[in-house]
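# An overview of the molecular structure
Below, each chain spelled out in residue letters.
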Amino acid sequence: MLKKISRILLIVLVILILLGAAAAGFGPILVRNKAVESFPQVEGEIQVAGLDGPVDVYRDSYGIPHVYASTHHDLFFAQGFVHAQDRFWQMDFWRHQGAGRLSELLGKSTLETDKFLRTLGWERVAKQELELLDEESYATLVAYSAGVNAYLAEHQGPDIALEYAFLPLLNRGYEPSPWTPLNSLTWAKAMAWDLRGNLGTEIDRAMLLKTLTPQQVEFLYPAYPEDHPVIVPAFDSAGASLESALGQEGHPSLSALMPLLAEAREETAALDALSGGGFEGIGSNSWAISGELTATGQPLLANDPHLGAQMPSIWYEVGLHCMPKTEDCRLDVAGYSFAGTPGVVIGHNDRIAWGFTNVGPDVMDLYIEKINPENPNQYEYEGEWVDMEVVVEEIQVGSGKTIPHTVRITRHGPIITDVYGLETFAEDTGVEVPEHYALALRWTALEPSCVFCAIWEFNLARGWEDFREAASNFAVPAQNLVYADVEGNIAYQMPGNIPLRAEGHEGTLPVPGWTGEYEWQGYIPFEEQPYTLNPAQGYIVTANNAVVDSAYPYTIAKQWSYGYRAQRIVDLLESAPGPVDVAYIQSMQGDNKDLMAEILGPILLDVEFSDGELEEMRDMLAGWDYQMRMDSAPAALYAAFWRNLVEATYADDLPEFYSLGVSSRAFEVTRRLVAEPENAWWDDQATEEVETRADIFRQAFAAAVKEMRKSAGKDPAGWAWGDLHTITFPHQVMNAFPFLKTAFNRGPYPTSGGNSIVNAVGWDPGQPYVVDWLPSMRMIVDFSDLTRSLAVNTTGQSGHPYHPHYMDMVDLWRDIQYHPMLWAREDVEADAEGLLRLEVGD
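To start, this report covers the structure provided alongside it. As the structure is a prediction and not an experimental result, all values here were calculated from the model.

Let's shift gears to the overall build of the protein chain. Scanning the protein chain for helices and strands turns up 26 helices and 31 strands. Burial status across the protein chain gives 62% buried among its 842 residues. Sequence-distant contacts in the protein chain: of pairs separated by 6 or more residues, those separated by 24 or more amount to 73%. Total accessible area computed for the protein chain in this model is approximately 31,300 Å², and 50% of it derives from carbon and sulfur atoms.

Below you can see the structure in the form of structure tokens.
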């Protein structure tokens, strides 16, 4: 006991010294010295129990591990070991998030988030998935977990990661528990949440109908534009609009639902803030090009997934190689993994390459459940009271008390409004009976599946048929899978559990759960899901645009990203100056052209100004190429104009909770609106005059010039988009602590790009121009010679602050530069900064 107290006092003393030193200016030195203690060993030899044989781990000049072993068990064991070496804090945080156990790690500040996560039940589902795994998949997770635990067995507290030196400020006495296979599976649920699709839209549309007409709501959510590309046009689709359920007989009034919807919106936003997801307009790019169009005659594949900015990067690059390759040891793969899970998520093996973008299907529905007023654990279904499944979750708060949390589950899913204060519903609404209603969430991710099983099969696939068979197991989150191989094939597959809804159920608004009329009827059969192999145009482009058009017999989604990035990628491929090579792909991934600027710029240049100075400023945009480069003054002025135009046009018509944003939906809504200069949306409701398009353009431009002069100086020659459009990579926990975040965060850095641009470095009008999501990595695979493939991460390989590989890729990433994606062992050895041999120990 005395030893434990002494240890706690020592930790507290260290923290106080560090904080005091920080105030005196010595903090960075002391923190840096403390951080060094957690840097991993990358050279020499380590005896490790649990291996089948020796394992070689080469670290290249960017700290990326290339693992060579003689069995699959040892490869996954070693991957767990190196993940723990570089990223264990990230792994620990993610497993607590995925399980709804953040309060065990961070204390009471995350209790409400844990309640919401336990209500959703990510860990409950992952436990079911664990029971369903086949023997080989389970063995993969066991081997990986053993590698993580082998590292933890020899490292404790701050020796694992610097974060554990400061954790006692939140939670004294915490020690990481051993890694388990379950910990790896819960991360899939967190990713499914970040890529979830339309829950926020469903809530927003319902809440907008309180103040707007259905026609106005539809205007804000337009159909996918017919002049923008679809991924698989040959699948022609049919998605006729169906009547909404709200307002039908027996349905509670929309006003009655507003408090539930508002609180659901707040809780999802809180989880998004913690997880780094949920941004309006977020997406990804990928494309594959046939050898018929390339300089080498072999395919090229490019991918850059767009995710929230964080420190360290969400991705961890790794190579896993059987040496020698045998019937029992076939793995030979390189690419990007998630710390906490075995295998490579996006990358290539010696035969195929693959990339992901999010489909964004409608896989979530809110059901309004009618609750028995005499028994809150019963709900009505088809005229009868049905018992709910009741689960009592025990939430551990730090090292202190355990708090019980009751979860109620209907046939549609968990009752999520138990978390949102349903007890105040009647008081909030003034309606007598709404306390007898609740909202349940049905979501495909709350049904057992195994997305990582599909990914492990991708790692081993030898061709298109193998890959497609593996894709049939990729249930959620549904991804656009782009493929290329050494045989010269390029291909695409959309997998996933996409609901078939009953007639009359669009999935765009909450529906009655008690009638039985709005049930899912199953899922789109995999054999009928869109795919293509070697299309005639010689390329495949996915950028979260529509997968199919209106002739397809099933509904995948009612809302897509509106195809601006996809259109630009297609334009660049169609206008390539010659056969496409890696350098041209690189320039495409870094393309900064804003297609909305190309629409609005000429209109603005035709607007008459009575103020000669404003007219002179406006003429800065004449001759501009619409590229949002970080050193561009016109780009900075245009961005300010665009933000102010959206604000001036829409804010006066919309409720306070709602923002149209500045991404692809705002692009498409505004593109349609500018074609109607007298449309009522242009009118400013705050004035007695009736404004037109020209009036609002003048108003928005004047506000933009005023803003730029205030923020960037009076001389436009000194303006630069990158001075406004900056990225700070925030640590997911320590960013909340002013005295600590400087040790973990990095930035700000100027960046190019913007929303709905191929170089999709996104920002939100709530925090103007500051980057919050971005291309989380970039990869180009060259099938003429895999050793010529390129890649880059956002930050660096290491999760340890002050490590040489903590931030050594950020300038490469900002400048659209890359590092070689090392493949041949001789190249790995030539570039190695260290060789660590893991030997069989006792």
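Following the structure, the description resumes.
The strand order β1-β31-β2-β3-β6-β7-β8-β9-β17-β18-β22 describes an open sheet built from eleven strands, whose pairing is mixed. Both outer strands of the open sheet, β1 (44-48) and β22 (531-533), are each paired with one neighbouring strand and no more. Between one strand axis and the next, the sheet turns by 15 degrees as a mean value, whatever way the strands run. Relative to strand β8 (residues 346-349), strand β7 (residues 332-337) runs antiparallel, the two sharing four bridges. Residue V333 lies in a different strand from β8, and its bridge partner there is N349. Set on the sheet, helix α14 (residues 451-460) makes contact with β7, β8, β9 (352-358) and β17 (479-485); between it and β9 the angle comes to about 150 degrees.

A few words on the pairing of strand β12 (residues 384-387). Two strands pair when backbone bridges link them, and strand β11 (residues 375-381) and β12 are joined in this way by four bridges, in the antiparallel orientation. Counterpart to Y379 in the pairing with β12 is V386. In textbook terms, the turn of a hairpin is the stretch between consecutive antiparallel strands, and for β11 and β12 this stretch comprises two residues, one of which, E382, has a positive phi near 50 degrees.

Inspection of every chain in the model, using the stated rule, returns 41 aromatic pairs. For the ring pair W354 and F458, a centre distance of 6.1 Å and an interplane angle of 55 degrees mean the geometry is tilted. You can see W354 sitting in strand β9 and its partner F458 sitting in helix α14, a full 104 residues away along the chain. Here W354 matches F458 in class, with each residue buried. When the ring of F729 is compared with that of Y749, the centres are 6.4 Å apart and the planes differ by 55 degrees; the resulting orientation is tilted. A residue pair is termed long-range when its members are at least 10 positions apart, and F729 in strand β24 (residues 726-729) and Y749 in strand β25 (residues 746-750) qualify at 20 residues. Taking the relative accessible area as the measure of exposure, F729 reaches 0% and is therefore buried. Taken together, F609, W624, Y626, Y638, F641, W682, F697 and F701 form an aromatic cluster joined through their ring pairs. Above the face of the W514 ring, K370 is positioned so that its terminal group lies 4.6 Å from the ring centre.

This part is about the pattern of salt bridges. This structure, assessed with the given rule, holds 36 salt bridges. Between R101 and E123 there is a salt bridge, with its nearest N and O atoms 2.7 Å apart. Here the residue R101 occupies a position in the loop between α3 (72-99) and α4 (102-106), and E123 occupies one in helix α6 (residues 122-132), the gap between them amounting to 22 residues. Looking at R101, the relative accessible area reads 22%, which means it is partly exposed. With relative accessibility at 11%, the residue E123 sits in the buried group.

Tallied over the entire structure, the rule returns two disulfides. Two residues, C322 and C329, share a disulfide whose sulfurs are 2.0 Å apart. The chirality of the disulfide connecting C322 with C329 is left-handed, given an S-S dihedral of about -90 degrees. Each member of the pair, C322 as well as C329, is classed as buried. Should the bonded cysteines of the protein chain be numbered as they appear in the sequence, the pairing reads 1-2, 3-4.

Attention now moves to the sheet that holds strand β14 (residues 402-410). Pairing is antiparallel in the open sheet, where three strands are placed in the order β13-β14-β15. In the strand order of this sheet, the two ends are held by β13 (389-396) and β15 (413-414), each with one partner. Here β14 runs beside β15; their pairing, made up of two bridges, is antiparallel. Note that in β15 the partner of I409 across the bridge is P414.

Within the largest apolar cluster, 190 residues are counted, with the highest numbers of intra-cluster contacts made by W443, F458, I556 and F729. Ranked by the residues each element gives to this core, the list is headed by α3, at twelve residues. Leaving out residues up to four positions away in the same chain, F458 has contacts with N349, I352, W354, F356, F467, A470, A471, F474 and L481. M596, A635, L660 and V669 belong to the second-largest nonpolar core, a separate cluster that totals 58 residues.

Below, the discussion takes up the pairing of β17. Judged by how many residues are buried, β17 sits mostly within the fold: seven of seven residues are covered. Two strands pair when backbone bridges link them, and β9 and β17 are joined in this way by seven bridges, in the antiparallel orientation. Along β17, the bridge assignment pairs G355 with V482. Hairpin geometry of β17 and strand β18 (residues 490-493) is characterised by an intervening segment of four residues between the two adjacent antiparallel strands and by a positive phi of about 95 degrees at G488.

What follows concerns unusual backbone geometry. Here the residue pair M323 and P324 is connected by a cis peptide bond, since its omega of 0 degrees sits within 30 degrees of zero. Within the secondary structure, P324 is located in the loop between β6 (316-322) and β7. Residue V476 is joined to P477 through a cis peptide bond whose omega torsion reads 0 degrees. Positive phi, normally seen in glycine, also occurs at S756, with a value near 55 degrees.

Attention shifts here to the side chain of E163. Checked against the element boundaries, E163 lands in helix α8 (residues 163-166). One buried charged side chain, E163, makes no salt bridge at all; its nearest oppositely charged neighbour is R87, positioned 9.5 Å away. Among the polar contacts listed, one links the side chain of E163 to the side chain of H731, at a separation of 2.7 Å. Ignoring sequence-local partners within four residues, the contact set of E163 consists of W89, H731, M734, F744 and G799.

What counts, and at which threshold
Residues numbered from 1 in each chain as written. Predicted model: local features only at pLDDT ≥ 70, side-chain atom pairs only at ≥ 80, totals over all residues. Heavy atoms only, no water. Helix = DSSP H or I, 4+ residues; strand = E, 2+ residues; numbered from the N terminus. Buried < 20%, exposed > 50% of the residue type's maximum accessible area, 1.4 Å probe, protein only. Contact = heavy atoms within 4.5 Å. Areas by Shrake-Rupley, 256 points an atom, 1.4 Å probe, with all protein chains shown as cover. Pairing = 2+ DSSP bridges. Axes fitted to C-alpha atoms, helices over the stretch in contact; angles between N-to-C directions. Phe/Tyr/Trp six-rings, centres within 6.5 Å; stacked < 30°, edge-to-face > 60°. Lys NZ or Arg CZ within 6 Å of the ring centre and 35° of its normal. Salt bridge = Lys/Arg side-chain N within 4 Å of Asp/Glu carboxyl O. Disulfide = S-S within 2.5 Å. Core = buried A, V, L, I, M, F, W, Y, C linked by side-chain atoms within 4.5 Å. Lys, Arg positive; Asp, Glu negative; His and termini not counted. Polar contact = N/O pair within 3.5 Å; in protein donor to acceptor, adjacent residues only side chain to side chain.

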